[in-house]
Number of protein chains: 2
Amino acid sequence: MKKVKLCITVAALVVSSTVFAQSTKVKEDFKPSEVNQPRKAFPQVNSRGCVRTQISAPEANMVQLDIGGVKYNMVKDASGVWTGESAPQDEGFHYYQLNIDGASVPDPGTKYFYGAGRWGSGIEIPAHDREIYALKDVPHGLVSELNYFSDITKAWRRCFVYTPPGYEANAGKSYPVLYLQHGSFEDETGWSQQGKANLILDNLIAKKKAEPMIIVMDNGYAFKPQTEQAVGNPTRPAMAFEEVMMQEIIPMIDARFRTLTNRESRAIAGLSMGANQTMRIAMNNLGHFAYYGGFSGTSNYPNSDEIDVETFLNGAFKDGKKVDQQLKVLWLGMGTKEPEPFPGSIGAFRKMLDKQGIEHVYYESPETAHEWQTWRRSLYQYAQLLFK
Amino acid sequence: MKKVKLCITVAALVVSSTVFAQSTKVKEDFKPSEVNQPRKAFPQVNSRGCVRTQISAPEANMVQLDIGGVKYNMVKDASGVWTGESAPQDEGFHYYQLNIDGASVPDPGTKYFYGAGRWGSGIEIPAHDREIYALKDVPHGLVSELNYFSDITKAWRRCFVYTPPGYEANAGKSYPVLYLQHGSFEDETGWSQQGKANLILDNLIAKKKAEPMIIVMDNGYAFKPQTEQAVGNPTRPAMAFEEVMMQEIIPMIDARFRTLTNRESRAIAGLSMGANQTMRIAMNNLGHFAYYGGFSGTSNYPNSDEIDVETFLNGAFKDGKKVDQQLKVLWLGMGTKEPEPFPGSIGAFRKMLDKQGIEHVYYESPETAHEWQTWRRSLYQYAQLLFK
């Protein structure tokens, strides 16, 4: 087991904590994380991005903080309270958990988010650009929860719909729509909770940097009853999602909300698995979408080889000139710290675009990996280019 | 510590489980709870309402299932997986948690709900009348999340707003509004999550048993900056909530949604602490509300003494005839299994109403205590009487 302890635990060494902290460079300016539960003092984050948490477990043998793929041993004090810190984390949002004598559980100090295939703890490392998704005194849109039954999957599904500020007041106005998808092991809650899509748009619209738009956030897992077993392999979802999107979600949204229904008023984007899915959907349905955004993903994932335009997505990029004309914006982005296969596969995709003469926007999120800060920034960039 | 074990743990006794189960009357028809996380097999519930859960904690010394005020010891098998069962629980929704070597944590098998002052595990014991809040193939309203800044509390607040089926399509129609409040140590998420208020109304409206209405679910904790310390004593909230309700929430809702703004089109109700709060608000503002619902609570709580109408709520019930004329419905309800001081205080309140000649509706939820099944049923009953 790999163990990194750049921020050394000091809880059991209160008497000598100052000296100890100096010698091991623990920056003692920890503050409660902004996604803590009400009145919970822990977890905390310091100015170097170290996470410190604390839990009472008097009878436990070992408690660990499990974040960023590393398990950090925590230390018990005389009252049975365990405290421990992580190494510095990248700015932005991270999933994590505690391990108590072998049990992986959420930290009872935090609010919970769906990711990594579970509802679990999250922590927010304040980012230098957190203003883009801060809750500010600007007009706020609504995020609405909509339950619907899918005849294709024979199951209840749910989406969240952002309607921009002014939607209720301007009863005669119709709006363009962005369909925005989460990644693997995430769900329809991701973009409005950890993604803060609503706040990003509220802020952009207040500054007139983005057009008022509706955003639809649905669940990318959609399987027909006979292919239910595909649930166990969510990185390769059966393509029922495309059917659900085109035959059920879009008609439902157009019927229920005041939408503009021409292709120039409809965009689609997704992150990771959602980037892969939405690229396929966009390219199979260019009559319905004029904007595509791929955040940390492309449909050649995980392959870094040169793309054969004859066969890739059934030749969807073969006529580069036509694709270039039809997609008003083809947007790609990723974090500078993303591991393979993302740089390789996205790089190969971009080379294909260049070869085919298809213009695209490429963005790199500084110092972030395959995580939500990359995708918040991607949405912030992408949304400004839509419907103009 | 009180320990009840009507459903004996059998996980460590797999070989002899059948015999053991028979001798101790464990009914082996457990099924996953309907509020489990996706693809999680545990916790489970059997037909007698016993809860069985399971967690891997190979190094733990003791793991307990903590539900209904009782901690049930779980038993470890050879692979390090702990399993345990509770005694039968009342039908409906319950909060619970696990205890691992002294650490109180959420069960990683369930979705999480805000109650008991924390985000934690919930379980659903299928109720005989669960049809009233089942997700059915009927038209569904929206539940919208609205962030707003309160000048009174100088803080960001949030409410959830249910708009009924047809709200978007009938752009010329205005709707009556029910303001519906949670209980102590709960928040604005309670009524749409564990309360299922939206599904209860969707089903009632589909059967034409309730008028289409808007429901506003806000947070009953509202403190001015200088009384922030009152947060630690939430059963006696400072009355800033009334100011927020009357001066901020209602005007905001009337401005943003298509509401009917006469008093006959505005109802208020709450559960427990919310019943107490909303009774005070209704009686102080009878010009604004014509309907009051108190679910498991009244403003004389926790007192069971005879009410002095000269002093109670500043004499609000002194002119019984006027109150009787102004409140089109005064509705009270509670569960038959509720402990004191609820029966006593609600009973004393009802005696006062009778003495003052104030008509009221009284409902008892069969075989439920001070929990959500009582309040789901209360809303189901109360909503049918509104705006008619």
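Residues numbered from 1 in each chain as written. Chains lettered and ligands numbered in written order. Predicted model: local features only at pLDDT ≥ 70, side-chain atom pairs only at ≥ 80, totals over all residues. Heavy atoms only, no water.

Let us now look at the overall build of chain A. Looking only at helices and strands, chain A features seven helices and 19 strands. Since a compact globule built from 388 residues should have a radius of gyration of about 21 Å, the 22 Å found for chain A is in line with a globular shape. Dimensions of chain A, computed from C-alpha atoms along their principal axes, come out at roughly 70 × 50 × 45 Å. Going through the 388 residues of chain A one by one, you find that 61% of them count as buried. In chain A, the proportion of contacts linking residues at least 24 apart, taken out of those at least 6 apart, comes to 70%. Counting only carbon and sulfur atoms, one obtains 51% of the accessible surface of chain A, whose full area is about 15,200 Å². Taking the 42 positively charged and 43 negatively charged side chains of chain A as two groups, their mean positions are separated by 3 Å. (Helix = DSSP H or I, 4+ residues; strand = E, 2+ residues; numbered from the N terminus. Rg over C-alpha atoms; globule rule 2.2 N^0.38 Å. Buried < 20%, exposed > 50% of the residue type's maximum accessible area, 1.4 Å probe, protein only. Contact = heavy atoms within 4.5 Å. Areas by Shrake-Rupley, 256 points an atom, 1.4 Å probe, with all protein chains shown as cover. Lys, Arg positive; Asp, Glu negative; His and termini not counted. Charge placed at Lys NZ, Arg CZ, Asp CG, Glu CD.)

What follows deals with the relation of the copies chain A and chain B. In screw terms, the move from chain A to chain B is a rotation of 180° and a rise of 0.0 Å along the axis, fitting with an RMSD of 0.0 Å. This pairing of chains is accounted for by a two-fold axis. Residue A:S144, judged by its C-alpha, is the member of chain A lying nearest the rotation axis, at 2.0 Å. Of the interface residues in chain A, 100% have counterparts in chain B that sit at the interface too, so the contact is made through matching surfaces. (Least-squares fit on C-alpha atoms with pLDDT ≥ 70 in both.)

This part takes up helix α4 (residues 273–284) of chain B. Residue and element names in this part refer to chain B. Look at α4: 17 Å from first C-alpha to last across 12 residues, which is about the 16 Å you get at 1.5 Å a residue. The buried fraction of α4 is high, at 10 of 12 residues. Along α4, the residues classified as buried are M273, G274, A275, N276, Q277, T278, M279, I281, A282 and M283. As for α4, its buried residues are in contact with β14 (177–181), α3 (240–256), β16 (266–271), β17 (291–295), α5 (320–326) and α6 (342–356). (Expected span 1.5 Å × (residues − 1).)

Moving on to the packing of aromatic side chains. For any pair of aromatic rings, the description rests on two quantities: the centre-to-centre distance and the angle between the ring planes. In the structure shown here, the tally under the stated rule is 39 aromatic pairs over all chains. Plain terms: the ring middles of B:W191 and B:F295 are 6.0 Å apart, the flat faces sit at 75° to each other, and that makes the pair edge-to-face. Residue B:W191 is found in the loop between β14 and α2 (197–206), and its partner B:F295 is found in strand β17; the two are separated by 104 residues along the sequence. In this pair, the class of B:W191 matches that of B:F295, namely buried. Aromatic rings pair up to connect A:W191, A:F295, A:W331, A:Y363, A:W372, A:W375 and A:Y382 into one cluster. (Phe/Tyr/Trp six-rings, centres within 6.5 Å; stacked < 30°, edge-to-face > 60°.)

Once that is clear, we can look at the pattern of salt bridges. Residues and elements named next belong to chain A. Throughout the structure, instances matching the rule amount to 32 salt bridges over all chains. Between E91 and R377 there is a salt bridge, and its shortest N-O distance comes to 2.6 Å. Placement of E91 in the loop between β7 (81–85) and β8 (92–100) and of R377 in helix α7 (residues 372–383) is noted, with a sequence separation of 286 residues between them. Taken as a pair, E91 and R377 share a single burial class, namely buried. A cluster of three or more residues bridged by salt bridges with shared partners is formed by E28, R52 and E85. (Salt bridge = Lys/Arg side-chain N within 4 Å of Asp/Glu carboxyl O.)

All names here are of chain B. What the five strands build is an open sheet, ordered β1-β2-β3-β7-β6; its pairing is antiparallel. The sheet is open, and its two edges are formed by β1 (31–32) and β6 (75–76), each paired on a single side. With two bridges connecting them, β1 and strand β2 (residues 44–45) associate as antiparallel partners. The residue bridging P32 from the neighbouring strand is Q44, located in β2. (Pairing = 2+ DSSP bridges.)

A separate point is the layout of surface pockets. Residue and element names in this part refer to chain B. Estimated volume of the second largest pocket: approximately 1,000 Å³. Lining the second largest pocket are 49 residues, and of these S184, S272, Y301, F342 and H370 lie nearest its centre. Of the residues assigned to the lining of the second largest pocket, the class counts are 22 nonpolar, 16 polar and 11 charged. Summarising the domain contributions, the lining of the second largest pocket has at least three residues from each of domain 1 (31–126) and domain 2 (131–383). (1 Å grid on protein atoms, 1.4 Å probe; cavity = no way out; pocket = protein on both sides within 12 Å on 5 of 7 lines; lining within 4 Å. Points joined across faces, edges and corners; volume = space filled by probe spheres on them. Nonpolar A, V, L, I, M, F, W, Y, C, P; charged D, E, K, R; others polar. Domains from an automatic or database assignment.)

Our focus in this paragraph is the environment of B:M246. Residue and element names in this part refer to chain B. Here M246 shows up in helix α3. In sequence terms M246 and A127 are 119 residues apart; their C-alpha atoms lie 37 Å from each other. Look past the residues within four positions of M246 in its chain and what remains in contact with it is P251, I281, N285, H288 and F289.

Peptide bonds are mostly trans, and most non-glycine residues show a negative phi. Note the cis peptide between A:F42 and A:P43, where omega equals 5°. Mapped onto the secondary structure, A:P43 falls in the loop between β1 (31–32) and β2 (44–45). Phi is positive for A:K196, close to 55°, though the residue is something other than glycine. As for its position among the elements, A:K196 is in the loop between β14 (177–181) and α2 (197–206). Of note in this structure, B:R39 is not a glycine but carries a positive phi near 65°. As for its placement among the helices and strands, B:R39 is situated in the loop between β1 and β2. Using a relative accessible area of 55% as the deciding quantity, one classes B:R39 as exposed.

All names here are of chain A. According to the domain assignment, chain A contains domain 1 (31–126) and domain 2 (131–383). The interface is formed by 14 residues belonging to domain 1 together with 17 residues belonging to domain 2. Together, D90, F93 and Y114 form the three largest contributors to the area buried by domain 1 at its contact with domain 2, with a combined 39%. Joining domain 1 to domain 2, the criterion identifies three salt bridges. Taken together, the links from domain 1 to domain 2 amount to 10 residue pairs in polar contact (both at pLDDT 80 or more). (Buried area = accessible area lost by both parts, 1.4 Å probe. Polar contact = N/O pair within 3.5 Å; in protein donor to acceptor, adjacent residues only side chain to side chain.)

Residue and element names in this part refer to chain B. Compared with an ideal rise of 1.5 Å per residue, which puts 12 residues at 16 Å, helix α7 (residues 372–383) spans 16 Å between its outermost C-alpha atoms and is within 8% of the ideal. In terms of burial, α7 is a largely internal element, 11 of the 12 residues being buried. Those residues of α7 that sit buried are W372, Q373, T374, W375, R376, R377, S378, L379, Y380, Y382 and A383.

Residues and elements named next belong to chain A. Within β7, five of the five residues are buried, leaving the element largely enclosed by the surrounding structure. Side chains of β7 alternate between two faces, with V81, T83 and E85 and W82 and G84 buried alike. Hairpin connection of strand β6 (residues 75–76) to β7: four residues between the antiparallel strands, including G80 at a positive phi of 90°.

On to the sheet that holds strand β3 (residues 51–56) of chain A. Read from one edge of the open sheet, five strands run β1-β2-β3-β7-β6 (chain A), paired in antiparallel fashion. Of all the strands in the sheet, the pair left with one neighbour each is β1 and β6 of chain A.

This part is about the interface of chain A and chain B. Interface extent is often summarised as the accessible area lost during association of the parts. Contacts between the two partners involve 43 residues from chain A and, on the opposite side, 44 residues from chain B. Summed over both sides, the interface of chain A with chain B buries roughly 3,800 Å², with 57% coming from carbon and sulfur. Contact with chain B buries area across many residues of chain A, yet A:W119, A:W156 and A:R256 alone supply 15% of it, more than any other trio. At the junction of chain A with chain B, the criterion picks out two salt bridges. Across the pair B:E168 and A:R256 runs a salt bridge whose closest N-O atoms are separated by 3.0 Å. On inspection of chain A and its partner chain B, the count reaches 14 residue pairs in polar contact (both at pLDDT 80 or more).

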